[in-house]
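Close look at the chain arrangement
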Amino acid sequence: MNHATQMSTADTALLVIDVQEKLLPKIHAAADVTRNIAFLIDAARLLHVPVAATEQYPRGLGATVPEIGQRLRGDKQVTIPDKVAFSSCAVPSVVEGFRRDARTKILLAGIESHVCVLHTALDLLGLNFRVFVAADAVGSRYPIDHEVALRRLEQAGCVPVTSEMCVFEWLGGSQHAQFKAVSQLVQARMKALQPA
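As a starting point, this report considers the structure included with it. Quick caveat: nothing in here was measured; it's all calculated off a predicted structure.

Before going further, it helps to examine the pairing of strand 4 (residues 105-111). Extensive coverage of strand 4 is indicated by the burial of seven of its seven residues. Burial along strand 4 is two-sided: the face carrying K105, L107, A109 and I111 and the face carrying I106, L108 and G110 are both buried. Bridge count for strand 1 (residues 12-17) against strand 4 is six bridges, and the pairing is parallel. Within strand 4, the position partnered with L14 by the bridge is L107. Both strand 4 and strand 5 (residues 130-139) contribute to a ladder of six bridges, which runs parallel. Its bridge partner lying in strand 5, K105 is registered against R130.

Right, dumping it as structure tokens:
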């Protein structure tokens, strides 16, 4: 039996929020945030964890950056739903998808920590989801906004995690059939994080 704050591949979904072309370059440590979001998407796909995404006013902020968009779409011509409200819960298909797939725990990644991620998290909590925030896969333009957002999210009831923490929690142990494949993702991410 899982603890209420423990994720599994059977009860969790990943929501990637607004990682868009005109906003991402302004985000503090954008390369790290992008790398960690890509890592989460890749692991989620291997482990059959559903992945949803949104875009904030793409006409003004551009489309999802290619590195993330290609992973989200895969081989399919999937449209990422857009919104003008800050919360991704304003997109009915997002919440409906979580409920349809019986996903009670939602892991958040994306930007910005103190705006769209925060508003989405608070709305999901209000809808009785258990919310996890990947602290190394969310970001803001200014570190102070990111740091205070993480504190506020935790005080509101969100569970702070890291990308690697999530992936190993989904695996549950080295006996998982996808352990070697996920280990390769972990090794590749580790190499990418090391200075040249």
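Attention now moves to the side chain of T64. Relative to the helices and strands, T64 resides in the loop between helix 2 (58-61) and helix 3 (66-73). Classification of T64 as buried rests on a relative accessible area of 6%. Side-chain polar atoms of T64 contact the side chain of E55, separated by 2.7 Å. With near-sequence residues (within four places) excluded, T64 lies in contact with V19, Q20, E21, E55, G69, L72 and I80.

Looking now at the packing of aromatic side chains. In total, this model carries one aromatic pair according to the counting rule given. With a centroid separation of 6.0 Å and 75 degrees between ring planes, the pair formed by F98 and F129 is classed as edge-to-face. With F98 in helix 4 (residues 92-100) and F129 in the loop between helix 5 (113-126) and strand 5, this pair connects stretches of sequence that are 31 residues apart. Pair check on accessibility: F98 and F129 agree, each one buried. Above the ring of F39, the side-chain terminus of R189 is found at 4.9 Å from the ring centroid.

To continue, consider the packing of helix 1 (residues 30-46) against helix 7 (residues 163-171). Running from N to C, helix 1 and helix 7 cross one another at 10 degrees; their axes reach a closest spacing of 10 Å. When the axis of helix 1 is compared with that of helix 7, the two are roughly parallel. Contacts between helix 1 and helix 7 pair N36, F39, L40, A43 and A44 from the former with S163, E164, C166, V167 and W170 from the latter. Considered class by class, the residues forming the contact of helix 1 with helix 7 number seven nonpolar, two polar and one charged.

With that out of the way, let us pick up the nonpolar core. By size, the foremost hydrophobic cluster in this structure holds 38 residues, and its most contacted members are V16, I37, L40, I68, L107 and W170. Within the residue set of this core, elements represented by two or more residues are strand 1, helix 1, helix 3, strand 4, strand 5, strand 6 (159-161), helix 7 and helix 8 (179-193). If we skip the residues at most four places from it in the chain, I68 touches V16, V19, T34, I37, A38 and I41. A13, V91, I106 and F129 belong to the second-largest nonpolar core, a separate cluster that totals 23 residues.

Conventions and cut-offs
Residues numbered from 1 in each chain as written. Predicted model: local features only at pLDDT ≥ 70, side-chain atom pairs only at ≥ 80, totals over all residues. Heavy atoms only, no water. Buried < 20%, exposed > 50% of the residue type's maximum accessible area, 1.4 Å probe, protein only. Helix = DSSP H or I, 4+ residues; strand = E, 2+ residues; numbered from the N terminus. Pairing = 2+ DSSP bridges. Polar contact = N/O pair within 3.5 Å; in protein donor to acceptor, adjacent residues only side chain to side chain. Contact = heavy atoms within 4.5 Å. Phe/Tyr/Trp six-rings, centres within 6.5 Å; stacked < 30°, edge-to-face > 60°. Lys NZ or Arg CZ within 6 Å of the ring centre and 35° of its normal. Axes fitted to C-alpha atoms, helices over the stretch in contact; angles between N-to-C directions. Parallel < 35°, antiparallel > 145°, perpendicular 65-115°, else oblique. Nonpolar A, V, L, I, M, F, W, Y, C, P; charged D, E, K, R; others polar. Core = buried A, V, L, I, M, F, W, Y, C linked by side-chain atoms within 4.5 Å.

By themselves, these observations are geometric and do not establish any function.
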